[in-house]
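Given next are the chains, with one letter for each unit.
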Amino acid sequence: MDIASEFEYILRKNGSEAHPFATIAITSANTSLPHGQPGKRKIKKGDFFLLDFGATYKGYVSDMTRTVVIGKATKKQKKIYNIVLDAQMSAIKSVKVGMKLSDVDSTARDIIKKAGYGENFGHGLGHGIGLEVHEAPGVSYRSKERVRAGMVFTIEPGIYIPRWGGVRIEDDIAIYDNKISVLTKSPKEKLLEL
């Protein structure tokens, strides 16, 4: 709770007009809950720490998630992180105007399934963002829509293992004139050990 509060303060201090949703700052096995709530548990070495947050600027919102490890990561933590990172990067690279949003979802989902964790990815790949944090289009296997210029949506695959922990990596992307732009900028190329 302390970290979530401090983070929201930093966002406001740096120009965010409002919090589009309550910051998710969770650790340890709670990271296996896609929408876990901050608590009073102290972070320990070896824990995953997941931070899902957003800001509002000129009425428009952002939504971003990063997962790190406090201290030294285990081989399993690195493996799960790298599967999610591969799924996310592959999905972002696959986005093209005219393609089905369900195919964007499949790109990430197939990587996670092939790695043996398909049952641990239980939500859609992403959602539209704009004036609200959850808008159309839905980026999921159920989506009937196609990628169009002007769309802004999240790409956020995750693997959530009950009683162990989870990893989610989320970025916001925008489609301008057939070009894909990643709007959120934060290191993710490897699992950070803090």
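Preceding block: the structure.
Another aspect to go through is the nonpolar core. Judged by nonpolar contacts, the single largest core of 32 residues is most densely connected at V104, L125, F153, I155 and I159. Of all the secondary-structure elements, those providing two or more residues to this core are α2 (75–94), α3 (101–114), β8 (152–155), β9 (158–161) and β11 (171–176). For this core, the element with the most residues is α2, which contributes 8 residues. One finds A4, A25, F49 and A55 within the second-largest nonpolar core, a separate group that totals 10 residues.

Attention shifts here to the sheet that holds strand β1 (residues 24–27). Reading across the sheet, the 3 strands line up as β1-β2-β5 and stay open at both edges, with antiparallel pairing between neighbours. Each end of this open sheet is capped by a strand with a single partner; those strands are β1 and β5 (64–69). Going across the sheet, the axis of each strand differs from the next one's by a mean of 10°, ignoring polarity. Here 6 bridges tie strand β2 (residues 48–53) to β5, and the two strands are oriented antiparallel to one another. Counterpart to F49 in the pairing with β5 is V68. Its contacts with the sheet put helix α1 (residues 2–13) on β1 and β2, and the angle it makes with β2 is roughly 40°.

Take the pattern of salt bridges next. As enumerated under the stated definition, the model contains 7 salt bridges in all. Between D52 and R168 there is a salt bridge, with its nearest N and O atoms 3.0 Å apart. Within this pair, whereas D52 is found in strand β2, its partner R168 is found in strand β10 (residues 165–168), the two being separated by 116 residues in sequence. Across this residue pair, the class does not change: D52 and R168 are buried. One salt bridge connects E145 with R148, and the closest N-O pair in it is separated by 3.2 Å. For R148, a relative accessible area of 48% puts it in the partly exposed group.

It is worth spelling out the layout of surface pockets at this point. By volume, the largest pocket amounts to about 410 Å³. Along the wall of the largest pocket there are 20 residues; nearest its centre are A55, Y60, V61, S62 and D172. Looking at the lining of the largest pocket, the elements that each hand over two or more residues are α1, β3 (56–57) and β4 (60–61). In terms of residues, the lining of the largest pocket owes the most to one element, α1, which gives 3 residues.

About the cut-offs
- Along every chain, residues carry numbers that run from 1 in the direction the sequence is written.
- Only residues with pLDDT of 70 or above have their local features reported here, since the model is predicted, and side-chain atom pairs are shown and tallied only from 80 upward, although totals for entire chains, interfaces and linings are computed over all residues.
- Side-chain metrics rest on all non-hydrogen atoms present in the structure, leaving aside hydrogens and water.
- Only buried Ala, Val, Leu, Ile, Met, Phe, Trp, Tyr and Cys residues count toward a nonpolar core, and they belong to the same one when joined by side-chain atoms within 4.5 Å.
- Any residue under 20% of the maximum accessible area for its type is buried, any over 50% is exposed, and the rest in between are partly exposed; the area is computed with a 1.4 Å probe on protein chains only.
- Secondary structure counts use DSSP, requiring at least four H or I residues in a row for a helix and at least two E residues in a row for a strand, with both numbered from the N terminus.
- Strands were regarded as paired on the criterion that DSSP finds at least two bridges between them.
- Interaxial angles span 0 to 180 degrees and are taken between N-to-C directions of axes, which are lines fitted to C-alpha atoms, for helices over the stretch in contact.
- Residue contacts are counted whenever heavy atoms from the two residues lie within 4.5 Å of one another.
- The rule for a salt bridge is simple: a side-chain nitrogen of Lys or Arg has to be within 4 Å of a carboxyl oxygen of Asp or Glu.
- Here a cavity denotes grid points, spaced 1 Å and computed from the protein atoms alone, that fit a 1.4 Å probe unable to get out, and a pocket denotes an open set having protein on both sides within 12 Å along at least 5 of 7 lines; residues with an atom within 4 Å of a point are the lining.
- Grid points are joined across faces, edges and corners, and a volume is the space filled by probe spheres set on the points.

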